[in-house]
Amino acid sequence: MPEEKKTTDSGIEIKKVYSEKDIPSTGNPQPGAFPFTRGIQPDMYRWKLWTMRQYAGFSTAEESNKRYHYLLSQGVMGLSVAFDLPTQIGYDSDHALAEGEVGKVGVAIDSMADIVALFKGIKLEEVSTSMTINATAFILLSFYVALAKKQGADLKKISGTIQNDILKEYAARGTYIYPPKASMRIITDIFEWCSHELPKWNTISISGYHIREAGSTAVQEIAFTLSNGKAYVKAAMEKGLDINIFGKRLSFFFNAHNNLFEEVAKFRAARRMWAKIMKELGATDEKAMMLRFHTQTGGSTLTAQQPLNNISRVTIQTMAAVLGGTQSLHTNGFDEALSLPTEEAAKIALRTQQIAAYESGIADTADPLGGSYFVESLTNEMEVKAMELINKIDAMGGSVPAIENYFMQNEIARSAYEYQRKIETGEKIIVGQNKFQAQEEKTIPLLKVDDHIRQVQVDKLNAVRLNRNPAKCDNLLQQLNDKAASGENIIPTVIEAVENNCTLGEIADELRAVFGEYK
């Protein structure tokens, strides 16, 4: 009887055993040296651990602020802010389309008053903040800068990241506002302004996370993400920006799933590929060739059935991210297939990182799996297959045309369908879901966001509008309209607008009038 073929989740065949014949000689590359397959730092985590983040945001700014203070007290090193859907797509909380969504999947931010409340008691100079925001990233960054100025902070010392990756929104996630070309223009305005005024800020986190959540394979995740990265780099260079300067401020955001060795190989391959891509695009400074990335454990891998099993899944994914060389990590709560994470689930998720860091030994040496015949062979195969996809996209003219022609969307949909088919036929076992099921009593406490939150936000908005200078606001919104139409950098005007209490929805709408909406 022939032996059943084994493959990774990306369909790469796995041999029974690997040997030196499976890996060509690579001249023993070292961590911290081009092409950075083994990590971007020579010591990796020996003396400085990855940044432990917890992604949080729900309800009002005041409620989220309490969670941030709790997480900081528990050893979190950086904050990651989740925003509600109206904030993500440029609607104030009193907009008709915001009904039923205010504060639900993240925090509602309408005005400067909300951002002040969100970071009350937190000095922005002393914390690194990551904001998962895309279409309205330029507005949230402006709120953050305005608050930093209000705190008297030195903008040269402010550090953090805005996701700001609009291409993956068209390909996988859907929270876009403006057409692709207008969105790319806003992103290059951010690159340009931050390179002068906010030098420590990561102006984009090019995201494979949502591509993977939408159903892509690991190979597609890195191929589509790096292809999008190329599009941003080319757009910045067309704007006249220096690849060796802005290249150092690019960061990436990847998913970690359960197939441990494939995930480690994915991270190693992505680093090597990006170093080569940046070199080909003209980078000469090695720091501009380094792929720095944040990882979040896989939300789509969590099950509503037997939710405590998710603690084991998140542990495997934590190991994959760290063995793969991540720069920062967010671990999901075990209850996130059911609701926003409770405080208890968030604490266990953070403790998972801390146990991996301080008790497992995986942080004691750089690239612990480097030299494994299996991992090295898998890294090479991931690179070959991902480059085949990138070359296809290049032949179409790059990521923007590939998205406009639905190439990425169709590839992701095909992979998602195939994966789900395997679960339903039992080819792919998900413990507790399609095998090893058990009768369960619902005993997991859930975090629920009260619907009255919308009224709280509406009352705050009304107070803001009542106590501002309406003529000044109208004038600033008109200036924004003029600059958007003329091609002048819009960021200074957006900062001035939020400082004068223009709302997020008003600013987004002003640009809708200039650029239109993507349908």
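Our subject in this report is the structure included herewith. (Residues numbered from 1 in each chain as written. Predicted model: local features only at pLDDT ≥ 70, side-chain atom pairs only at ≥ 80, totals over all residues. Heavy atoms only, no water.)

Next up on the list: the packing of helix α17 (residues 470-486) against helix α18 (residues 491-499). Running from N to C, α17 and α18 cross one another at 165 degrees; their axes reach a closest spacing of 9 Å. The orientation of α17 with respect to α18, classified from their angle, is roughly antiparallel. Both α17 and α18 take part in a crossing whose hand is left-handed. Where α17 abuts α18, its residues Lys-472, Leu-476, Gln-479, Leu-480 and Lys-483 lie against Thr-493, Val-494, Glu-496 and Ala-497. (Axes fitted to C-alpha atoms, helices over the stretch in contact; angles between N-to-C directions. Helix = DSSP H or I, 4+ residues; strand = E, 2+ residues; numbered from the N terminus. Parallel < 35°, antiparallel > 145°, perpendicular 65-115°, else oblique. Left-handed = near helix turned anticlockwise from the far one by under 90°. Contact = heavy atoms within 4.5 Å.)

A few words on the packing of helix α11 (residues 309-323) against helix α12 (residues 343-359). As a packed pair, α11 and α12 sit with axes 10 Å apart at the nearest point and diverge in direction by 40 degrees. In terms of their interaxial angle, α11 and α12 are classed as oblique. Relative to α12, the crossing made by α11 is right-handed. Every residue of α12 that contacts α11 at Ile-311, Val-314, Thr-315 and Thr-318 is listed here: Ile-348, Thr-352, Gln-353 and Ala-356.

A word on the pattern of salt bridges. Applying the stated criterion to the full structure yields 34 salt bridges. Residue Arg-38 pairs with Asp-367 through a salt bridge whose shortest N-O separation is 2.6 Å. Here Asp-367 lies in the loop between α12 and α13 (373-395) and Arg-38 lies in the loop between β2 (13-14) and β3 (51-56), a separation of 329 residues in the sequence. The same class applies to Arg-38 as to Asp-367, namely buried. For the salt bridge of Arg-268 with Asp-367, the shortest nitrogen-to-oxygen distance reads 2.9 Å. One end of the pair, Arg-268, is in helix α10 (residues 260-280); the other, Asp-367, is in the loop between α12 and α13, and 99 residues separate them in sequence. Owing to a relative accessible area of 0%, Arg-268 belongs among the buried residues under this scheme. Overlapping salt bridges, with partners in common, bring together Asp-92, Asp-94, Arg-465, Arg-468 and Glu-506 in one network. (Salt bridge = Lys/Arg side-chain N within 4 Å of Asp/Glu carboxyl O. Buried < 20%, exposed > 50% of the residue type's maximum accessible area, 1.4 Å probe, protein only.)

Counted according to the given criterion, the structure contains 19 aromatic pairs. Measuring from centroid to centroid gives 6.2 Å for Phe-34 and Phe-36, while their planes differ by 80 degrees, and the two rings are edge-to-face. Given a relative accessible area of 27%, Phe-34 falls into the partly exposed group. Ring geometry for Tyr-45 and Trp-50: centres 5.1 Å apart, planes at 75 degrees, overall edge-to-face. Looking at Trp-50, the relative accessible area reads 1%, which means it is buried. Among the aromatic residues, those joined into a ring-pair cluster are Phe-252, Phe-254, Phe-267, Trp-274 and Phe-293. Stacked on the ring of Phe-34, the Lys or Arg Lys-279 has its end atom at 4.5 Å from the ring centre. (Phe/Tyr/Trp six-rings, centres within 6.5 Å; stacked < 30°, edge-to-face > 60°. Lys NZ or Arg CZ within 6 Å of the ring centre and 35° of its normal.)

The next thing to look at is the nonpolar core. Core analysis: the biggest nonpolar cluster contains 120 residues, and Phe-119, Phe-138 and Ile-507 have the highest contact counts within it. For Phe-138, the contacting residues outside a window of four places in its chain are Tyr-178, Ile-186, Ile-190, Ile-490, Ile-491, Val-494, Ile-507 and Leu-511. The next biggest cluster of nonpolar side chains, apart from the first, holds 22 residues, and it includes Leu-71, Val-322, Leu-323 and Ala-366. (Core = buried A, V, L, I, M, F, W, Y, C linked by side-chain atoms within 4.5 Å.)

The subject of this paragraph is the environment of Arg-46. Among the structural elements, Arg-46 can be located in the loop between β2 and β3. For Arg-46, a relative accessible area of 44% corresponds to the partly exposed category. With 23 residues separating them in the primary sequence, Arg-46 and His-69 have C-alpha atoms 28 Å apart. Beyond its immediate stretch of four places on either side in the chain, Arg-46 contacts Ala-363, Asp-364 and Thr-365. A polar atom in the side chain of Arg-46 sits 2.8 Å from the backbone oxygen of Asp-364. (Polar contact = N/O pair within 3.5 Å; in protein donor to acceptor, adjacent residues only side chain to side chain.)

The next point concerns the environment of Glu-418. Relative to the assigned elements, Glu-418 resides in helix α15 (residues 407-425). Overall, the relative accessible area of 30% leaves Glu-418 in the partly exposed class.

Let's shift gears to the state of the cysteines. What the rule picks out here adds up to zero disulfides. In this model Cys-194 remains outside any disulfide bridge; the closest cysteine sulfur is found in Cys-502, 20 Å from its own. Residue Cys-502 is classed as buried on the basis of its relative accessible area, which comes to 0%. (Disulfide = S-S within 2.5 Å.)

All we've got here are geometric facts, nothing functional implied.
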